[in-house]
Amino acid sequence: MDGIKKLGENLWEIPRTGAMNVPGRVYASEAMMERIRRDRALEQVANVAALPGIVGASLAMPDIHWGYGFPIGGVAATAMEDGVVSPGGVGYDISCGVRLLRSNLIKSEVESKIPALADALFRAVPSGVGSTGRIHLKREEMKKVFEKGARWAVERAYGDREDLETCEEGGFLESADPDLPSARSVESGKDQLGTLGSGNHFLEIQEVDEIYDERTARVFGLFPGQVTVMVHTGSRGCGYQICDDYLKVMRESVRRHGITLPDPQLSCAPLSSREGREYLGAMASAANFARANRQAITHWVREAFMRTLGVGPNDLRMGVLYDVCHNVAKIEEHEIGGKRTRVCVHRKGATRAFPAGHPDVPERYRSVGQPVLIPGTMGTWSYVAVGTERAMKETFGTTCHGAGRAMSRTQAAKQIEGHKLWKELEERNISVRTASYRGLAEEAPFAYKDVNEVVDVCHQAGLSLKVARLKPLAVVKG
Amino acid sequence: MRPGFEIIPHTADIGLRVRGKTLAALFENAARGMTSLLAEMKGTGREKSANVRLSSDGPESLLVDWLGEILYKFTVKRAAYSRFKVTALSPRALSARLSGGRAGPGLRALREIKAVTYHGLKIKKMKEGYAADIIFDV
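Residues numbered from 1 in each chain as written. Chains lettered and ligands numbered in written order. Predicted model: local features only at pLDDT ≥ 70, side-chain atom pairs only at ≥ 80, totals over all residues. Heavy atoms only, no water.

Focus on the overall build of chain B
For step 1, the next point in the chain: Secondary structure summary: chain B contains two helices and 11 strands in total.
For step 2, the next point in the chain: Moving toward the C terminus, one meets the helices and strands of chain B in the order β-β-α-β-β-α-β-β-β-β-β-β-β.
For step 3, the next point in the chain: Along the three orthogonal principal directions, the C-alpha set of chain B runs to about 40 × 35 × 30 Å.
For step 4, the next point in the chain: In chain B, which comprises 138 residues, the share counted as buried stands at 59%.
For step 5, the next point in the chain: The contacts of chain B with a sequence gap of at least 6 include a subset with a gap of at least 24, amounting to 68%.
For step 6, the next point in the chain: With the model as given, the accessible surface of chain B reaches about 6200 Å², and the carbon-plus-sulfur share is 51%.
For step 7, the next point in the chain: On chain B, the mean spot of the 24 positive side-chain charges and the mean spot of the 13 negative ones are 6 Å from each other. (Helix = DSSP H or I, 4+ residues; strand = E, 2+ residues; numbered from the N terminus. Buried < 20%, exposed > 50% of the residue type's maximum accessible area, 1.4 Å probe, protein only. Contact = heavy atoms within 4.5 Å. Areas by Shrake-Rupley, 256 points an atom, 1.4 Å probe, with all protein chains shown as cover. Lys, Arg positive; Asp, Glu negative; His and termini not counted. Charge placed at Lys NZ, Arg CZ, Asp CG, Glu CD.)

See the structure below:
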């Protein structure tokens, strides 16, 4: 793509041309930009800029890569009055996200038990292609999950009430309409609650190996050498089906409202229309399923740790540090042109990063800001960061969501065999348990960008500030 | 002879380039291609079959719906098929027969496909038939 201008050390602009309603803005270093130009992600940033009612700019975080419709790492805010909501700006895995569990354990205490803990987690949490779980729900109960999210799980003794206090929105979106998801979406999700799935989803046992901001780490309950567990999964089959169902609705809506789009995957509906409102209600139902999913998994992670280590909940003290999703559309208030304005913020592979003092940050963290959880690849670090005022001003309170892919899955699987990768990771003292060696190869660390570089660019750009680095000890892959 | 489908690279997901001398052949090859990404069929025994009837707003969305239907049978009904016969096809409607199906232990899942996307989807009419690039979210 031509005409891209460098606006600052880590910021680039795609000038407004053709059908674009706003410019595109990409956060990346010079070296990263060189690589980003190689696939079609920038073209997708420009396509998103053509959405009706988009405000500010079509944004991309440093982990940007070619997706479908929106790029992964894409952010777009649309005006409530004349803007649209686009299911493609959320993706099929609605409310895919990350939960981080802190513990009272230090690595040296459990080092010899890590392989046994990896085995226990692999047994406790169903993973792999089309994995079905230990919970089987009828339609009426699925409606309750859609309505209550993680609260549903806690009410059924999968965890503690305290867990909800440190989840985004208290573990559920109030805007869910549980009657909207189709029979097929219910059918797709009814046996999948409490499952990891496959692809890039994982469970990881980690060690806090570096602290960058002691005060914030203390408020988040993190300390050096501490054992943490990261859960990365989403709304499974029911989310995919809800997205699919509404893309059909939106295709019709695009025709009816005379909207012209550069890519059919960007199909959308006015936020003020019935189909726009209904999509948001159904999407929130899937988002709540995802939150219940991560809550049920949390419960089994705790059980697996207690059983394997022979300890009780008070010794383990495995609390939820935070639960944040990176595929979602939310109605939020932001300052645009000096005026507080309600907009619909689409985050597709991008993480909310609200600053200190924001009312949506849990009370416990309000003095420092919202925890931002950035998973790395297996074999590389993950990060805990904190949201900033700068992010509120520049990116609708958003930062990166992970390393971001750099190589296709087929190419990765060609370059290394799953068994060989497994051995390499084991030799580096990372216990790996997987349902599929091919799946493992597709997720090889070299298929991703350098997570350190991605996190550093966000830190330097002031979108999120580094708090702690987490080193993998064991990985369970679907 | 060129195969009816081939994998094309995509950074995050998986793509298929599908060809067919006729539109019906394109749909059949797309189904074979997607199934080859999803599962391996093994063993012998009773084969499953099924009929599919769909209508949509145009050939591209009909192709997405067709593959979506086969994907649904795989992910929810846990059945995959090896033979696909489109028996009637218009730009907005399709009837087909799926056969050579396996379920349960006769099926080895290879990967999860979350969905068939519309991203850049365009069925192209060429001198030697039809072609389309389809991106799957995995």
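Read on, since the account is not over.
So, the sheet that holds strand β3 (residues 24–27) of chain A
Two modes of strand pairing occur in sheets, parallel and antiparallel, and in both the strands are linked by backbone hydrogen bonds.
Residues and elements named next belong to chain A.
For step 1, the next point in the chain: Strand order in the open sheet formed by seven strands is β1-β2-β3-β4-β5-β13-β12, with mixed pairing between adjacent strands. Every other strand in the sheet has two partners, leaving β1 (5–8) and β12 (327–336) as the edge strands with one partner each. Averaged over neighbouring strand pairs, the angle between their axes works out to 30° when direction is ignored.
For step 2, the next point in the chain: Inspection of the sheet shows strand β2 (residues 11–14) paired to β3 by four bridges, in the antiparallel sense. (Pairing = 2+ DSSP bridges. Axes fitted to C-alpha atoms, helices over the stretch in contact; angles between N-to-C directions.)

Some details on the nonpolar core
For step 1, the next point in the chain: In terms of nonpolar packing, the biggest core is built from 69 residues, with F27(B), M34(B), L63(B), W66(B), L67(B), I134(B) and F136(B) touching the most fellow members.
For step 2, the next point in the chain: The biggest single contributor to this core is helix α1 (residues 23–38) of chain B, with nine residues.
For step 3, the next point in the chain: If sequence neighbours within four positions are ignored, I134(B) has contacts with I14(B), G15(B), L16(B), V18(B), A30(B), L63(B), L67(B), V116(B) and L121(B).
For step 4, the next point in the chain: Residues M32(A), M61(A), V372(A) and A412(A) belong to the second largest nonpolar core, which totals 59 residues. (Core = buried A, V, L, I, M, F, W, Y, C linked by side-chain atoms within 4.5 Å.)

Focus: the interface of chain B and chain A
Reports of interface size often rely on the accessible area that becomes lost once the parts have come together.
For step 1, the next point in the chain: Contact with chain B, which involves 27 residues of that partner, is made by 36 residues of chain A.
For step 2, the next point in the chain: Here chain B meets chain A over a buried area of about 2900 Å², counting both sides, of which 52% is carbon and sulfur.
For step 3, the next point in the chain: Taken as a group, T11(B), E112(B) and Y118(B) account for 25% of the area that chain B buries against chain A, more than any other trio of residues on that side.
For step 4, the next point in the chain: Along the contact surface separating chain B from chain A lie eight salt bridges.
For step 5, the next point in the chain: Of the charged contacts in the structure, one is a salt bridge between K248(A) and D65(B), with a shortest N-O distance of 3.4 Å.
For step 6, the next point in the chain: At the boundary of chain B and chain A, one finds 19 residue pairs in polar contact (both at pLDDT 80 or more).
For step 7, the next point in the chain: Sorting the residues of the side of chain B that touches chain A by element identifies α2 (59–75) and β9 (115–116) of chain B as the ones contributing at least two each.
For step 8, the next point in the chain: With four residues, α2(B) is the largest single contributor of residues to the side of chain B that touches chain A.
For step 9, the next point in the chain: For the side of chain B that touches chain A, a count of residues per class yields 11 nonpolar, six polar and 10 charged. (Buried area = accessible area lost by both parts, 1.4 Å probe. Salt bridge = Lys/Arg side-chain N within 4 Å of Asp/Glu carboxyl O. Polar contact = N/O pair within 3.5 Å; in protein donor to acceptor, adjacent residues only side chain to side chain. Nonpolar A, V, L, I, M, F, W, Y, C, P; charged D, E, K, R; others polar.)

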